[in-house]
Amino acid sequence: MRATDIGQDFEQVLYTSQQVQERLTEVAAQIDADYRGEDLLLVGVLNGAVMVMADLSRLMKSHCEMDWMAISSYGSGTQSSGVVRILKDLTNDIHGRNVLVVEDIIDTGLTLSYLVSNLRSREPKSLEIMTMFRKPEAIQNDVEVKYIGFDIPDEFVVGYGLDYAQRYRNLADVATLKPEIYR
Ligand code: 5GP
Ligand code: MG
Ligand code: MG
């Protein structure tokens, strides 16, 4: 679904599907170069990172494996609490492996901070983060993010895997919603 298909829901399109793909192509090339000849396991965080994982992995020119985690961040509506529960754990043992976490968006960074300390305790060979979007507040968090698609303003966005009340994940573009949609 494109923003123009249901245009009345959106305030502003931040990035078109094409802009997302162009930026992802650059990030994929960076990852290819950094992991050249190395083992690489991409860890996608469900559900939001499904689109990023699918596109990023296909834009890469080198081999990688994929695994998934589902976590739930307690807290209501559009705010993160940092209290995280693992709903689905990895299938693979990551001990001694190069792990790259693939995220949709980092807002406060609280979810990621929990995830990183959890994964680090499993003693991977290396652990890095890739996120499609990052908001300004995330910078305050101590987790270092190696690959960033776009730094975006502190606004609630939907599309490209990101939902509002489970909708808009299948929007190919990334957009802000009109205020009346929240009501
Ligand atoms: P954090 O713990 O970094 O504050 O929040 C991370 C999670 O909150 C993301 O994985 C995502 O599920 C949700 N989130 C944060 N900002 C946004 C946003 O702008 N739009 C949507 N749809 N979800 C967001
Ligand atoms: Mg996420
Ligand atoms: Mg969500």
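Residues numbered from 1 in each chain as written. Chains lettered and ligands numbered in written order. Predicted model: local features only at pLDDT ≥ 70, side-chain atom pairs only at ≥ 80, totals over all residues.

The protein appears in an unreviewed UniProt entry as Hypoxanthine phosphoribosyltransferase from Parenemella sanctibonifatiensis. Taken from UniProt, the Cofactor (unreviewed entry) comment for the protein reads in full: "Mg(2+)". (UniProt positions renumbered as here; feature names shortened; annotations may be inferred.)

(A) Structural context of the sheet that holds strand 8 (residues 157-158). With antiparallel pairing, the three strands of this open sheet are ordered in space as 1-9-8. Only two strands of the sheet have a single partner each, and these edge strands are strand 1 (10-15) and strand 8. Note: strand 1 against strand 9 (residues 174-177), four bridges, orientation antiparallel. Bridge pairing in strand 9 places Phe 10 opposite Leu 177. (Pairing = 2+ DSSP bridges. Helix = DSSP H or I, 4+ residues; strand = E, 2+ residues; numbered from the N terminus.)

(B) Structural view of the environment of Ala 29. Relative to the assigned elements, Ala 29 resides in helix 1 (residues 17-34). With 63 residues separating them along the chain, Ala 29 and Asn 92 place their C-alpha atoms 25 Å apart.

(C) Main features of helix 1. When the terminal C-alpha atoms of helix 1 are compared, their 26 Å separation across 18 residues agrees well with the 26 Å that a helix rising 1.5 Å per residue should span. For helix 1, every residue scored as buried is listed here: Val 20, Leu 24, Val 27, Ala 28 and Ile 31. Looking down the long axis of helix 1, one finds its buried residues gathered within 110 degrees of arc, a one-sided arrangement. In helix 1, the exposed residues that point more than 90 degrees away from the buried face are Gln 18, Glu 22, Glu 26 and Ala 33. Elements that come into contact with the buried residues of helix 1 comprise strand 1, helix 2 (50-59), strand 6 (126-134), strand 7 (147-151) and strand 9. (Expected span 1.5 Å × (residues − 1). Buried ≥ 20, exposed ≤ 12 C-beta atoms within 10 Å, placed from the backbone. Arc of directions from axis to C-beta. Contact = placed C-beta atoms within 7 Å.)

(D) Structural context of the nonpolar core. In terms of nonpolar packing, the biggest core is built from 41 residues, with Leu 100, Val 101, Val 102 and Ala 175 touching the most fellow members. Take this core: its biggest share by element is six residues, from strand 5 (residues 98-106). If we skip the residues at most four places from it in the chain, Ala 175 touches Ala 3, Phe 10, Gln 12, Val 13, Leu 14, Val 157, Val 158 and Gly 159. (Core = buried A, V, L, I, M, F, W, Y, C linked by C-beta atoms within 7 Å.)

(E) Just the sheet that holds strand 4 (residues 84-88), in detail. Within the open sheet, the six strands sit side by side as 4-3-2-5-6-7. Their pairing is mixed. Where the open sheet ends on each side, the last strands, each with one partner, are strand 4 and strand 7. Averaged over all pairs of adjacent strands, the angle between strand axes in this sheet comes to 30 degrees, irrespective of strand direction. Sheet contacts for helix 1: strand 6 and strand 7; angle to strand 7, the most-contacted strand, approximately 160 degrees. (Axes fitted to C-alpha atoms, helices over the stretch in contact; angles between N-to-C directions.)

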